[in-house]
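Per-entry structural report
Given next are the chains, with one letter for each unit.
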Amino acid sequence: MMDARYRNLFSPFRLGDLSIRNRLVMAPMSTGLASLTGAVTPQQIAFYRARAAGGVGLLIVEFTCVQRKFGISERHQLSLDTVENLDGHCRLVAAIRREGAVPCLQLQHGGMAAKRQLIEGGVPLGPSDVPGSRGEGGLAARAMSGTEIECIVECFGRAAELGVAAGYEAFELHGAHGYLLSSFLSPLTNRRDDAWGGDEEGRLRFPATAIARVKQAIGKRPLIYRVSADEFAPGGLCIEDMERIAPRLVAAGVDAIHVSTGNGWHSMEKVVEPMSAPEGWRLPYARRVKAAAGVAVIAVGQIRWPETAEDAIVRGDADLIALGRPLLADPEWGNKARRGDRDDIRPCTSCNYCNTIGLAGLGIGCAENPLTGRELDLPFDAGSRRGARAVVVGAGPGGLAAALMLDAAGYRAELHESRAMVGGGLIASAAPPFKDKLNWYLDFLKRRLARSGVRMLLQSRPGLAALRDPRPEIIVLAAGASPVQLPIEGLDGDSVFDAYEILMGDESWRPQPGSAPVLVYGGGEAGVETAEYVAELGLPVLLVTRSPAAKLARSAELIYRKVLRARIAANQGIQVVDNTCITRIAGEVVTLRSSDGSTTDVRACRVLLAQGREPDRGLAQRLAEAGLPFAVIGDNRRGGRIGDAVLDAYEMVKALCAAERPQRELNC
Ligand SMILES: Cc1cc2nc3c(=O)[nH]c(=O)nc-3n(C[C@H](O)[C@H](O)[C@H](O)COP(=O)(O)OP(=O)(O)OC[C@H]3O[C@@H](n4cnc5c(N)ncnc54)[C@H](O)[C@@H]3O)c2cc1C
Ligand SMILES: Cc1cc2nc3c(=O)[nH]c(=O)nc-3n(C[C@H](O)[C@H](O)[C@H](O)COP(=O)(O)O)c2cc1C
Ligand code: SF4
């Protein structure tokens with residue numbers, strides 16, 4: 001049954017001769033799951049099969065390098081520049097088609113963004129020379145010769161031919177984000193004065209030649225071109241430029257335009273935006289490109305809910321809607337929306353944990369969905385231990401995920417939370433400005449909890465006796481961390497508060513209007529976010545950090561950090577005092593000592609401490625002494641992220657269930 005609210009989103013679409021079952025597209029996302037030779041792996045096939053089965057119409061397979069020698073951008077990137085990699089693509093295409101989606105291949109050359117350690121000569125190729133940052137006369141990128149350009153055009157064509165042989169039904173040229181094709185189009189990077197540069201026509205010549213060659217290779221199959229509608233970079237392309245360029249791309253032969261934004265060098269926050277970006281903010285860009293180009297347009301970016309997608313189609317902003325990260329969080333997004341189970345969609349919060357692990361070379365993953373990238377793992381089953389007692393201590397994201405997974409595996413799960421509400425650090429994480437999307441995840445977990453068989457015990461801090469009787473199969477310690485104790489005189493004063501508790505909802509700290517500034521002590525992510533939270537209430541803030549200001553929020557996710565630091569710098573209500581520590585608090589007088597040894601007294605009506613948190617190992621120690629089976633996860637194991645806690649929970653349940661599975665005989 002289709003939910004009538006989303007009937008346009010789930011109406012079929014024709015792109016040239018191609019029939020697509022609905023308007024939902026999976027955006028290309030590098031999985032880091034390819035082999036070291038760029039071949040498709042079984043994990044990748046399982047990853048894409050799950051998304052195809054989840055209901056998308058068109059599935060764009062991640063960027064696939066057309067010339068490994070000079071263009072590879074990631075160690076585990078797909079490539080299709082040799083017939084040796086064809087077989088894997090044939091299997092991938094078959095898997096996607098079997099699930100009813102149309103397989104489309106994104107063709108890419110890294111250009112200036114190729115990985116220098118992996119390419120021949122170690123200097124990436126670009127339209128123009130880019131001097132190295134060390135000033136040794138070396139180059140960060142070197143200008144390609146005309147022959148090299150023609151050779152790469154041929155690489156695009158050959159890869160497309162191999163793609164046709166693999167069975168792909170549509171193709172996309174990656175002309176966005178600063179990779180080779182876009183670097184030729186952009187005046188920011190193309191400084192050539194020959195036929196491949198100069199004016200707009202010259203800058204378009206390489207993309208147009210590649211389009212023509214790929215069209216020749218793919219025949220009547222549709223060709224999509226991905227653009228950055230606005231590079232959000234001084235001197236780069238903006239939407240007005242793209243309104244002129246889009247019809248030229250169409251004239252060159254493209255059948256549809258995929259409207260992305262941003263440039264990997266200058267504005268990564270517009271490529272994979274952090275959670276501060278409003279829902280659907282890019283749709284006006286798609287609309288303008290559509291009006292200018294007169295061909296089908298795919299909108300992408302920060303579209304999280306079916307109603308946003310439906311409205312965009314109805315308004316005519318775009319013909320198709322691509323989802324990237326939402327399909328990492330929930331591969332079943334399409335099916336759930338289609339049948340009206342909107343509230344069952346595991347919501348992507350744009351936390352960018354997926355990017356962090358991708359950049360660390362750990363493949364694809366999602367903070368909320370540990371199965372992403374692990375689709376070949378066996379489903380959990382408690383086996384002969386079904387119904388056995390499993391106790392989880394702490395209902396933050398780690399504990400909630402653990403209890404839900406234990407319940408799903410068949411254990412009799414019991415979840416203890418010392419506070420009156422569930423959520424733990426997820427509540428504190430969602431409290432600062434621009435982070436409320438994290439509440440989507442908390443609400444989702446609460447809904448899952450309500451529907452589960454987990455026995456929830458609030459305001460419960462179980463002691464050894466309650467934990468051991470009846471003997472549990474496992475005790476999961478997901479109790480998070482406690483504030484680090486500081487050797488500062490006056491910490492027990494009435495004006496001193498734990499910043500974490502304030503973000504958890506403690507209201508008792510609020511000063512009278514007109515009071516002296518609020519001093520936040522700590523330049524880590526929690527301190528900086530607390531400063532922003534307090535400033536938003538209209539209170540003046542002194543943000544005191546022991547480190548240099550350049551290191552503010554240093555452990556925050558990179559893209560988010562850039563945006564956060566820019567906001568702090570622009571915030572008139574926050575004064576940053578760096579390289580400074582507190583030595584004494586006496587009423588409203590706080591003594592500061594700077595790294596040069598000098599001291600000053602400042603007035604502060606409140607001191608909010610954000611000096612880090614550390615796990616309390618006491619309960620683990622007692623469980624070990626009592627000989628009870630236990631596992632420690634999340635922040636109770638080591639300081640980390642929501643995704644780390646959820647992944648720990650997954651690994652713990654997986655190990656528990658694996659212990660139940662009969663050992664297969666080894667042939668070695
Ligand atoms: C200000 C701030 C912002 C953050 N922002 C982000 C972010 O944007 N993205 C991100 O990924 N991470 C962020 N983090 C980190 C993130 O909140 C944690 O990594 C995450 O919450 C850890 O989850 P957890 O389940 O291990 O522990 P917690 O979330 O800390 O949960 C532990 C729970 O156990 C309960 N508990 C403690 N002792 C007991 C006991 N004896 N019995 C019963 N219950 C007990 C606690 O009350 C708590 O509810 C942020 C942290 C802070 C402080
Ligand atoms: C892990 C990850 C990998 C990505 N890889 C690619 C890629 O291979 N090619 C590409 O054009 N865009 C890539 N993107 C960008 C996405 O296609 C998409 O444009 C972006 O994530 C914004 O959409 P979303 O908000 O729906 O995630 C990637 C994004 C992520 C999060
Ligand atoms: S890790 Fe965060 S941003 Fe990435 S898909 Fe999951 S919820 Fe979305």
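Residues numbered from 1 in each chain as written. Chains lettered and ligands numbered in written order. Predicted model: local features only at pLDDT ≥ 70, side-chain atom pairs only at ≥ 80, totals over all residues.

One finds Leu59, Ile257, Ala299, Ile321, Ala402 and Val476 to be the most contacted residues of the largest nonpolar core, which totals 170 residues. The greatest single-element share of this core, amounting to 10 residues, is contributed by helix 21 (residues 642-660). Two domains each provide a minimum of three residues to this core, namely domain 1 (4-359) and domain 2 (383-482 + 615-660). Ignoring sequence-local partners within four residues, the contact set of Val476 consists of Val391, Val392, Val393, Gly399, Ala402, Ala631, Ile633 and Met652. The next biggest cluster of nonpolar side chains, apart from the first, holds 40 residues, and it includes Ile502, Ala526, Val528 and Ala610. (Core = buried A, V, L, I, M, F, W, Y, C linked by C-beta atoms within 7 Å. Buried ≥ 20, exposed ≤ 12 C-beta atoms within 10 Å, placed from the backbone. Helix = DSSP H or I, 4+ residues; strand = E, 2+ residues; numbered from the N terminus. Domains from an automatic or database assignment. Contact = placed C-beta atoms within 7 Å.)

Once that is clear, we can look at the site of ligand 3. Every one of the 13 residues lining ligand 3 counts as a neighbour, but Arg325, Cys348, Cys351, Cys354 and Cys366 are closest to it. Those elements that place two or more of their residues in the shell around ligand 3 are helix 10 (325-329) and helix 12 (353-359). Residue composition of the shell around ligand 3, grouped by class: eight nonpolar, three polar and two charged. (Near = placed C-beta within 6 Å. Nonpolar A, V, L, I, M, F, W, Y, C, P; charged D, E, K, R; others polar.)

The next subject is helix 15 (residues 438-451). With 14 residues, helix 15 should cover 20 Å at 1.5 Å per step; its first-to-last C-alpha distance of 20 Å lies within 8% of that length. Inspection of helix 15 places Leu438, Trp440, Tyr441, Leu442, Phe444 and Leu445 among the buried residues, and these make up the whole buried set. The secondary structure elements touched by the buried residues of helix 15 are helix 13 (397-409) and helix 14 (425-430). (Expected span 1.5 Å × (residues − 1).)

An ideal rise of 1.5 Å per residue puts 16 Å on 12 residues; helix 1 (residues 42-53) measures up with 16 Å between its terminal C-alpha atoms. All of the buried residues in helix 1 are Gln44, Ile45, Phe47, Tyr48, Arg49, Arg51 and Ala52. Among the structural elements, strand 3 (24-26), strand 4 (58-65), helix 3 (86-98) and helix 10 are those in contact with the buried residues of helix 1. Count one or two residues on from helix 1 and you reach Gly55, which has phi positive near 115°.

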